[in-house]
Structures are given as C-alpha cells and as structure tokens.
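Coordinate inspection notes
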Amino acid sequence: MPQELFNNLLPPPSQEEAADELSPEGTFALTVRDKDLPPVIREVVANAPDSRKIPAFIACLSPLCALSTRIRLQYYYDGQRKSALLLQVIIEAPQSSGKQFAADIERLIMDDTLKARDQEQRRIEQKYREKKRCRSQNKEMEEEPKTTIRVIPPTISKTVLVKRADFYERNLGDVLTFWMFAEELSQVTDAGKQGYSNLRTIMRTAYDLGSRFGIDFASDNSYSAIADINICSMFCSTPSALDEYMDKKAIEGGNITRTVLCKLDDQIGADGQLFKPFSDNQLNAISGTLAKIMSDTYTADGALRDVRLLDTSWIDKDVRRWCVSKGKEALATGSSAIDVFRKRSSVSAFRIMALCYYLYLIDGTPEPLAQKRSRKIYLFMADYILGMLLARWGGRFEELQAKRGDFSITSSRPKLIDRLSKEFSRDQLRVLIQEYGVATPDRVLISQWKANKWIEETGKYVYRKLI
C-alpha cells in the first residue's frame, strides 16, 4: 500500500522517533517505536523482520481483544451504548508466502490462556457424553455440566454457537467473547456451503456488543435461544479464498467494513521472512501480561470479574476530527466508498487503540504517555484500515452501489472540485462528472458544496470556489 495513504493526518515524528519510523529499506513502518509498543505486542514486533512488523502488530490484536473480554468502551459516536474489544482480522497473501507467522502468534497468546482453560471444559463435556452413552435406559442422568467454551472452530454450527453463547449468560451471568482462528479461510467458505454453518450474518452481529442472534426450533432435541454472540476472529487467506468469502452479499451487507485487512506484499523473488526467537525476558513479559489479562476476566474460583469501563474520552476529539476529515474527502470526491468505509474503520481503530491503552496501563506506563502513544496508534490504524478497504473493495463496492442507483464513483476517487476552475458553470461540472464516471448528480454535489461553504453562486448555474 502506498505510503501517502498513511501520512496525511499523523503528526510529524520527533528527531528521536524518526529513525525508528523508517526501516533500513526506507519503507513505511509503525508510528510508535518497537520498544514503545504495549507489552506482548512489543515483544512480537521487536522480533519481526522489517517487512512483517505491521502484519505482526495486526496479528496480535484480535487474540488479545478476545482475552480482554471484560473491558467496556464508550465510542464517541455511540451515545450511551457501550462497546467491547471485538475485532475481525484477515491476513491476505498468496500461497506459500509465509502466513504461518500469524498462527505462531496466535499459539503464543492463546495456548496457555483460553485454549488451556477450554481444554478442561471440553474434557468435562466429553466425560458427560460418555456417561450418557453408557447409562441404562431407566437410569436418570445427572444434570448437564455448565461449561463455558470460548475457542470455537470455523466449522461450528449455528445451533452450537447459540447454545454456547447462551450458556455464558445462564451459567456466568454475562456475555463473553468467542475466539475463532483459521489458518485457511477456505475452512470457513467450505463450511458455509452447508446452510447450518454459514456464519456471515452472525459475523456481522458478532462485531457489536448487544446485537443478538436467535434460533427457534420446535424439536425438543434442538437448542433454541436468542443470545448476544461476540466473536473475535483471525483468518489467513489467499486472494481467491477471500474473493469467495467476501462475495456480493458480504460486500453490500457490511462484512468487509467490519474487517481489519492486512495484505502481505512481498517482492517477487524475496527471501523468506524469519522472526527472531524470544529471549527468556521476553517470554516472561508476555506470560506475565497474559496472566494479568486472565485475572481481569476470572476470579480464582472461575467466576467472572466485573466489567471495567475504560475511560477513553481523551481521544474523542481526535476521533471526530478524523471522521469529519474523511467525510469531507468523501464529499469532495463524491465517493460513497470513503463515506461508508470511514465509519467502521474508525470504530476498529478505536478498539485497537483502547486495547493498546489497556495494555499500557497493565504495564504501568504513566497515563499521559500511554495516551500519547495510543493516540498515534489510533490515527495510524484508522488510515491503514480505510486504505486497505478502499484498495481491496472500494471499486467493487461503488460498482454495486451504482447498479442499485446509489451515488458513487470509481475507486480512483478524483477530487472533482480541485479539477474545476475558480469560476465554473454547472455544465462544466456535468462534463467532468461524465468524464470521471461519477454517479452522483451535479445538483447533489452543488447543493452539498454550497452547504459546506466550498462554493458560492454568482449567477444562474454559475459558481465561484471559496476553498
């Protein structure tokens, strides 16, 4: 992805930081130095080769969010509605391009935390099923164990998913976050061909705390419930598998805008990318942080901790400023893709920022410094997510919108107002609209530009630019 996509809103680095923001090859890198990242992410990114630092950063996010299930947030545009740390990440790269680093990071974070706890829960379920099979017909069976499984496969059926989510509320009194990981996205698309396990709709509601999904069967042998299903996920994918997963319904339905896409762009003939092994100090820092997150979730006897509302009001102005600036860009270009994609790009970036802020506080970073670094991460990730979405699906989204009669343009996103002379007529704007294939009518653009005081009318269908 071009460096220019990321540089517009980020504050210029200090001389001390500048050397760390560019890799030896001069490619764009994270706006926070490796050593200044929050724990766990810090150790992983520090050991990543230059071309994998941003992908390694992104691969840490969703599993850490899944662990931090008791954190609650107040997003600027959500009013009084609380949100949670919910992310859906996709790592895209051609086959044999080294996507396994994401699986290594997932195991590092999950093996001794959620997976270890789930293994105990699954053993309880297995013993119950074995007893049930072996019992005599007349023998009364003991009550089904109250398990809470959180690591789920992409092939899970809707019925089992709803049942497990409902068990959280029945057995623990509140919702928890599921963790779903697939080294091959084709696992998800292959399972989706079976109607019972097509999860695209559920993945949309799973992005937002409080969005409920339900199933209702007449049979006593099935499980009926309406549950709040929350899922953090990370899928590795080839371009063709991603095209199959993000089909027309997913593009128009909103699956793409809920996605944090990370595309690996290695040069042809590039050597394999090797991560350095972790030192004992790094492993201790990682395990210590993960233990603190788990202790913020469960008490010693397995009950849930109270939710923790993270105060992020200090970034509200930055969120609004970024969203407004991208709204103006959408207006200047007539792009519905920018207008639609910017909203959830900001939401996902905000959740990433909040996760990092939480990790900084766990690590004992002073709040002013934690806020400063977290703010940089928000601005970087908001631009990154939006840029990736536009590059991957912007053109297709606008084609579909144009076919439906909605206002849109092609993904080249020309700024029409910049291509007009200081004084221009509506006929000149109409010619420009036709030249660039913009579907937004001239009357709509004129009306919006006047409302934003970008132009003034000097005569009948004649205007002057004010910017």
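Quick look at the structure, then. Keep in mind it's a predicted model, so treat the numbers as computed, not measured. (Residues numbered from 1 in each chain as written. Predicted model: local features only at pLDDT ≥ 70, side-chain atom pairs only at ≥ 80, totals over all residues. Heavy atoms only, no water.)

**Notes on the sheet that holds strand β9 (residues 259-263)**
Hydrogen bonds between backbone atoms are what pair the strands of a sheet, whose relative direction is either parallel or antiparallel. The condition is simple: A strand pair is defined by DSSP finding two or more bridges across the two strands. Only runs of H or I of at least four residues qualify as helices and only runs of E of at least two qualify as strands under DSSP, and these elements are numbered from the N terminus. Contact between two residues is taken to exist if any of their heavy atoms lie within 4.5 Å; hydrogens are not considered. Axis geometry follows a simple rule: fit a line to the C-alpha atoms, using only the stretch in contact for helices, then measure angles between N-to-C directions, giving values from 0 to 180 degrees.
Strand order in the open sheet made by the 5 strands is β4-β5-β8-β3-β9, with parallel pairing throughout. Two strands close off the open sheet at either side, each with one partner strand: β4 (151-152) and β9. In the packing of helix α7 (residues 158-172) onto the sheet, the strands contacted are β4, β5 (177-182) and β8 (230-237), and the crossing angle to β5 comes to about 145°.

**A closer look at the packing of aromatic side chains**
Selection rule: Each Phe, Tyr or Trp ring, with Trp reduced to its six-membered ring, pairs with another whose centre is within 6.5 Å; inter-plane angles below 30 degrees give stacked pairs, above 60 give edge-to-face pairs, and intermediate values give tilted ones. Two conditions define a charge sitting above a ring: the NZ of Lys or the CZ of Arg must be within 6 Å of the ring centre, and it must be within 35 degrees of the ring normal.
In total, this model carries 12 aromatic pairs according to the counting rule given. These aromatic residues form a ring-pair network of at least three members: Tyr75, Tyr76, Tyr77 and Phe350. Its guanidinium or amino end placed over the ring of Tyr298, Arg117 lies 3.9 Å from that ring's centre, counting from NZ or CZ. Positioned above the aromatic ring of Tyr207 is the side chain of Arg351, whose terminal nitrogen or guanidinium carbon lies 4.2 Å from the ring centre.

**Considering the sheet that holds strand β13 (residues 462-465)**
Strand order in the open sheet made by the 3 strands is β11-β13-β12, with antiparallel pairing throughout. This sheet does not close on itself; its edge strands, each paired only once, are β11 (423-425) and β12 (455-459). Geometrically, the sheet is characterised by an average inter-axis angle of 35° between neighbouring strands, direction not taken into account. Pairing geometry for β12 and β13, over 4 bridges, is antiparallel.

**Details of unusual backbone geometry**
Quick reminder of the rule: We call a residue buried when its accessible area falls under 20% of the maximum for its residue type, exposed when it is over 50%, and partly exposed in between, using a 1.4 Å probe and counting protein chains only.
Of note, the phi angle at Val40 is positive, near 75°, even though the residue is not glycine. Take Val40: its relative accessible area is 0%, and that puts it in the buried class. In this structure, Tyr461 is a non-glycine residue whose phi angle is positive, near 60°.

**Quick notes on a nonpolar patch on the surface**
Definition in use: The patches reported here contain residues having more than 30% relative accessible area and no salt bridge. Joining distances are 9 Å for like charges and 5 Å for nonpolar side chains (Val, Leu, Ile, Met, Phe, Trp, Tyr). All accessible-area figures derive from a Shrake-Rupley calculation using a 1.4 Å probe, and residue coverage is judged against the displayed protein chains alone. Any Lys or Arg side-chain nitrogen found within 4 Å of a carboxyl oxygen on Asp or Glu counts as a salt bridge.
Taken together, Tyr76, Tyr77 and Val324 make up a surface patch of nonpolar side chains, about 260 Å² in accessible area. Assignment of secondary structure puts Tyr76 in the loop between β1 (71-73) and β2 (83-84).

**Comments concerning the environment of Ile315**
Inspection of the secondary structure puts Ile315 in the loop between β10 (308-309) and α13 (316-333). C-alpha separation for the pair Ile315 and Tyr76, spaced 239 residues apart in sequence, amounts to 8.7 Å. Those residues in contact with Ile315 that lie beyond four places of it in its chain are Phe350, Met353, Arg375 and Tyr378.

**Side note on the environment of Glu92**
Going by this rule: Residues adjacent in sequence count toward polar contacts only when both atoms are side-chain atoms; beyond that, a polar contact is any pair of N or O atoms within 3.5 Å, and within protein one must be able to donate a hydrogen and the other to accept it.
Mapping Glu92 onto the fold places it in strand β3 (residues 88-92). Relative accessible area serves as the criterion here: at 1%, Glu92 is assigned to the buried category. In the structure, Glu92 is positioned 146 residues away from Thr238 in sequence and 5.6 Å away in space, judged by C-alpha atoms. Sequence-distant contacts of Glu92, that is, excluding residues within four places in its chain, are made with Ser237, Thr238, Pro239, Leu242, Leu261, Cys262, Lys263, Leu264 and Arg392. Reaching out from Glu92, the side chain makes a polar contact with the side chain of Arg392 at a distance of 3.1 Å.

**Description of the packing of helix α12 (residues 280-295) against helix α14 (residues 336-362)**
Under the convention used in this document: In what follows, roughly perpendicular refers to angles from 65 to 115 degrees, roughly parallel to angles under 35, roughly antiparallel to angles over 145, and oblique to any angle outside these ranges. Under the scheme applied here, ten amino acids are nonpolar (Ala, Val, Leu, Ile, Met, Phe, Trp, Tyr, Cys and Pro), four are charged (Asp, Glu, Lys and Arg), and all others, including Gly, are polar.
Two elements in contact, α12 and α14, have axes separated by 11 Å at closest approach and are oriented at 105°. Put simply, α12 runs roughly perpendicular to α14. Facing Thr289, Lys292 and Ile293 of α12, the residues of α14 in contact are Tyr358, Leu359 and Ile362. Broken down by class, the residue content of the contact of α12 with α14 amounts to 4 nonpolar, 1 polar and 1 charged.

**A few points about the pattern of salt bridges**
Within the structure shown, the criterion is met by 27 salt bridges. One connected set of salt bridges, linked through shared partners, spans Arg426, Asp427, Arg430 and Asp442.

**What to know about the nonpolar core**
The test is simple: The criterion is simple. A nonpolar core is a set of buried Ala, Val, Leu, Ile, Met, Phe, Trp, Tyr and Cys residues joined through side-chain atoms within 4.5 Å.
Of all hydrophobic cores here, the largest spans 127 residues; its most connected members are Phe57, Ile58 and Met381. Discounting chain neighbours no more than four positions away, the residues touching Met381 are Phe57, Ile58, Val260, Ala349 and Ile352. Counting 15 residues, the second largest nonpolar core, distinct from the first, contains Leu416, Leu432, Leu445 and Trp454.

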